[in-house]
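# Observations on the three-dimensional arrangement
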Amino acid sequence: MVSLEHERGAHLSDASVVAKLTAAQQERIREIVRADNPIGFAWCWYFVFPEPMPEHVAGWVVEYYKALAAGESLAIEAFRGSLKTTTFTIGLTIYRTALHPELETVVAQEGDTVAHENTEYMASIIKDSPGFRFLFPNIVPDPSKGWGARGYEIMRTDLSYGEWRKFRTKAPTIVGAGYASAEILGKHPRLHGITDDVCSHRNTRSPRELHTVVTTVEKEIRPAFDNVQMSLDIFTPWTRGDVGDKAKQRPNTRVVRTPIYKLDALGNLTNVPTWPEKWPEERIQQLRASLAPSDFAQAYLCDLDAAQGSHLRREWLWQFPHEEIKKEWPAYLGVDYASVGKSVEIRDRDYFALAVWRLHPRGFAILETGVFGHMRPAESEDAALSWGDRLGGAMRGMGIETQGKGESFYNIMLANATFRVKPLTPGNRSKGIRFEREMAPVFRAGKARISDEVNNAFLEEFEKEWASFDGLDTYYDDCLD
């Protein structure tokens, strides 16, 4: 997504600056911009975007031109909100399109909506930005050939139209769509071939979804980038083997990693913020406190090893196709009633978690779904009873941790439930023993598995708690309980 501190379409015109320049000075600025190098792009940025170019963006641009000169592809792995889309998909594309208007760019993203928003934004700069008009007065839209979501065409006004069309192919100058869209499949751009945040939590949680997106990119999109000046992969990492991970492993590819903290000469994280003007240390710490440690590591440290978990590893979670789960299979419920929140605001409130399990005919259990959240006692009771009733004849029993307030909840369920209720107690065993020595081996062996359903809040929270568990109460563990 575009990450700018202004509303769409509001650009820096610098009309007052331009008005003070002599004709010779204006032409000198255009001459600098036409050089097609990092300095030229920096001047273009100044006239097109309202915010100053951050230091890390300047570094990216230098790497881009090094890769271009070496005939390399470029893979940019960067933290969320770092301006990677603004810099590459938008900024460098409109800059180099203005310098090479006969060439085409294709942008593949997760879905049509975000891709269309970004290409529309590029088109608005070309059409409406006073700064762009000043720098590139002879580059204008060509609406007769296309100016919309299916692609944007531009033309040169310093040539006759017939002469200009001799330089063009049937592909639009700029077109973007979701990675599976027919709008971009089969297009062979000559300027940029871009994959920009193709992966997300929606298409990487399930191995089947991940296989589909990677196969589409590797076998249908990337082969069409066979004649580009630059193949660009721009991404925040999600999981091993995703589109960005594949890009980093491709030969002849320059890889640039930019987490929210700067890296030292050996590639290790420092404690110096990468973009202190927007992300000073205080704000980074606030962000860290609001996220699961595994999520912060993935999205802001670009560290998939940390995101996979230290004590409990994500790869130990075997997934099971959710559409293959049968409602007649035996069902079991596990309830953790009286966990305590970690923040001051919720420390004295009960945190309720209920897990729904299915027993596969082959003998392994499947974590199908669940409920979690801060609930009043009556709400917790209703949730547990309703789930038990909803499962009908498949319901075999509910296990309730009776430590602390869980004992009173067990007594209420025992008095009101129409199904079997069983008290469970951790005894003197720590969570480290219960999670790492008792639960984890069952998952590692495939005796317990997890549904691959996408956009299931309980399953997502369970995986966050799994990967974030460190035995130090850094993050919630109620769904694990």
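Residues numbered from 1 in each chain as written. Predicted model: local features only at pLDDT ≥ 70, side-chain atom pairs only at ≥ 80, totals over all residues. Heavy atoms only, no water.

## What to know about the overall build of the chain
Each helix and strand in the chain was counted, giving 18 helices and 19 strands. With the principal axes as the frame, the chain shows a C-alpha extent of 90 × 45 × 40 Å. Considering the chain as a whole, with its 481 residues, one finds that 53% of them fall into the buried category. For the chain, restricting intrachain contacts to residue pairs at least 6 apart in sequence, the fraction spanning at least 24 positions comes to 69%. Put simply, the chain shows about 21500 Å² of open surface, and 52% of that area lies on carbon and sulfur atoms. (Helix = DSSP H or I, 4+ residues; strand = E, 2+ residues; numbered from the N terminus. Buried < 20%, exposed > 50% of the residue type's maximum accessible area, 1.4 Å probe, protein only. Contact = heavy atoms within 4.5 Å. Areas by Shrake-Rupley, 256 points an atom, 1.4 Å probe, with all protein chains shown as cover.)

## Re the confidence of the model for the chain
Low pLDDT means the predicted coordinates in that region are not meant to be read closely. Scored by pLDDT, the chain has a mean of 90; 94% of the residues are at 70 or more. Scored below 50 in pLDDT, residues 1-13 shows 39 contacts in the model against residues more than four places distant or in partner chains. Contacts of residues 339-349 to residues separated by more than four positions or lying in other chains number 18 contacts, the stretch itself having pLDDT below 50. (pLDDT = per-residue confidence, 0-100.)

## Describing the state of the cysteines
Scanning the model with the defined rule gives zero disulfides in all. With no disulfide of its own, cysteine 199 lies 14 Å from the sulfur of cysteine 302, the closest cysteine sulfur. (Disulfide = S-S within 2.5 Å.)

## A few points about unusual backbone geometry
Phi at leucine 83 takes a positive value of approximately 80°, unusual for a residue other than glycine. Following the sequence through the fold, leucine 83 ends up in the loop between strand 1 (73-78) and helix 5 (84-99). Given a relative accessible area of 2%, leucine 83 falls into the buried group. One non-glycine residue, aspartate 197, adopts positive backbone phi at about 45°.

## Things to note about helix 3 (residues 38-48)
Residues of helix 3 that are buried: Gly40, Phe41, Cys44, Trp45, Phe47 and Val48. Sitting at the head of helix 3, asparagine 37 places a side-chain oxygen 3.2 Å from the backbone nitrogen of isoleucine 39. (Polar contact = N/O pair within 3.5 Å; in protein donor to acceptor, adjacent residues only side chain to side chain.)

## Re the pattern of salt bridges
Close approach of charged atoms allows side chains of opposite charge to pair. Here the structure, examined in full by the defined rule, presents 36 salt bridges. The residue arginine 208 makes a salt bridge to aspartate 452 at a minimum N-O spacing of 2.5 Å. Here the residue arginine 208 occupies a position in helix 10 (residues 207-221), and aspartate 452 occupies one in the loop between strand 19 (448-451) and helix 18 (457-468), the gap between them amounting to 244 residues. The closest approach of N and O atoms between lysine 431 and aspartate 477, which form a salt bridge, is 2.8 Å. Taken together, the positions of lysine 431 in helix 17 (residues 431-444) and aspartate 477 in the segment after helix 18 put the pair 46 residues apart, joining distant regions of the chain. Take lysine 431: its relative accessible area is 27%, and that puts it in the partly exposed class. What you see here is one network of salt bridges that share partners, running through Glu104, Asp142, Glu153, Arg165, Arg168 and Arg190. (Salt bridge = Lys/Arg side-chain N within 4 Å of Asp/Glu carboxyl O.)

## Notes on the pairing of strand 2 (residues 105-109)
With respect to burial, strand 2 is a largely interior element, five of its five residues being buried. Of the two faces of strand 2, the one carrying Thr105, Val107 and Gln109 and the one carrying Val106 and Ala108 are both buried. Pairing of strand 2 with strand 7 (residues 174-178), which is carried by five bridges, proceeds in the parallel orientation. For valine 106, the partnering residue across the bridge sits in strand 7 and is valine 175. Sheet topology note: the strand 2/strand 8 (residues 192-196) ladder contains four bridges and is parallel. Bridged to valine 107 within strand 8 is isoleucine 194. (Pairing = 2+ DSSP bridges.)

## A few points about the nonpolar core
One finds Leu74, Phe88, Tyr95, Phe136 and Ile260 to be the most contacted residues of the largest nonpolar core, which totals 56 residues. The contacts of leucine 74, once residues within four sequence positions are left out, are Glu63, Tyr64, Ala67, Phe88, Met230, Ser231, Leu232, Asp233, Thr253, Arg254 and Val256. Of all hydrophobic cores here, the second largest spans 23 residues; its members include Val356, Val371, Ala384 and Ala394. (Core = buried A, V, L, I, M, F, W, Y, C linked by side-chain atoms within 4.5 Å.)

## Comments concerning the packing of aromatic side chains
Any two aromatic rings considered together are summarised by their centre-to-centre distance and by the angle between their planes. Summed over all chains, the structure comprises 24 aromatic pairs. Summarising the aromatic geometry, the rings of tryptophan 43 and phenylalanine 47 are spaced 6.5 Å apart at their centres and angled 20° between planes, so their arrangement reads as stacked. Taken together, the residues tryptophan 43 and phenylalanine 47, both in helix 3 and four residues apart, mark about one turn of the helix. Residue class for phenylalanine 47 comes out buried when judged on its relative accessible area of 1%. Taking the centre distance of 5.7 Å and the plane angle of 25° together, the rings of phenylalanine 296 and tyrosine 300 count as stacked. (Phe/Tyr/Trp six-rings, centres within 6.5 Å; stacked < 30°, edge-to-face > 60°.)

## With respect to the packing of helix 15 (residues 377-390) against helix 16 (residues 406-416)
One way to put it is that helix 15 packs onto helix 16 with a least axis distance of 11 Å and a crossing angle of 45°. Here helix 15 is positioned oblique relative to helix 16, judged by the angle of their axes. The way helix 15 lies across helix 16 gives a crossing that is right-handed. Contacts from Ser380, Glu381, Ala384 and Leu385 in helix 15 reach Phe409, Ile412, Met413 and Asn416 in helix 16. Per-class residue counts for the contact of helix 15 with helix 16 are five nonpolar, two polar and one charged. (Axes fitted to C-alpha atoms, helices over the stretch in contact; angles between N-to-C directions. Parallel < 35°, antiparallel > 145°, perpendicular 65-115°, else oblique. Left-handed = near helix turned anticlockwise from the far one by under 90°. Nonpolar A, V, L, I, M, F, W, Y, C, P; charged D, E, K, R; others polar.)

## Concerning the pairing of strand 17 (residues 395-401)
Counting buried positions along strand 17 yields six of seven residues, so the element is predominantly enclosed. Once the chain exits strand 17 it traverses helix 16 before rejoining the sheet at strand 18 (residues 421-424), and the crossover so formed is right-handed. (Right-handed = clockwise from strand over helix to strand, strands pointing away.)

## Overview of the side chain of threonine 204
Here threonine 204 lies in helix 9 (residues 201-204). A distance of 2.7 Å separates a polar atom in the side chain of threonine 204 from the backbone oxygen of serine 200. The contacts of threonine 204, once residues within four sequence positions are left out, are Cys199, Leu210, Trp238, Thr239 and Asp242.

## Observations concerning the environment of proline 441
With respect to the element layout, proline 441 can be found in helix 17. As for proline 441 and leucine 312, which are separated by 129 residues in sequence, their C-alpha atoms are 9.9 Å apart.

## Quick notes on the environment of valine 48
Along the chain, valine 48 turns up in helix 3. The class of valine 48 is buried, set by a relative accessible area of 0%. C-alpha separation for the pair valine 48 and glutamate 31, spaced 17 residues apart in sequence, amounts to 17 Å.

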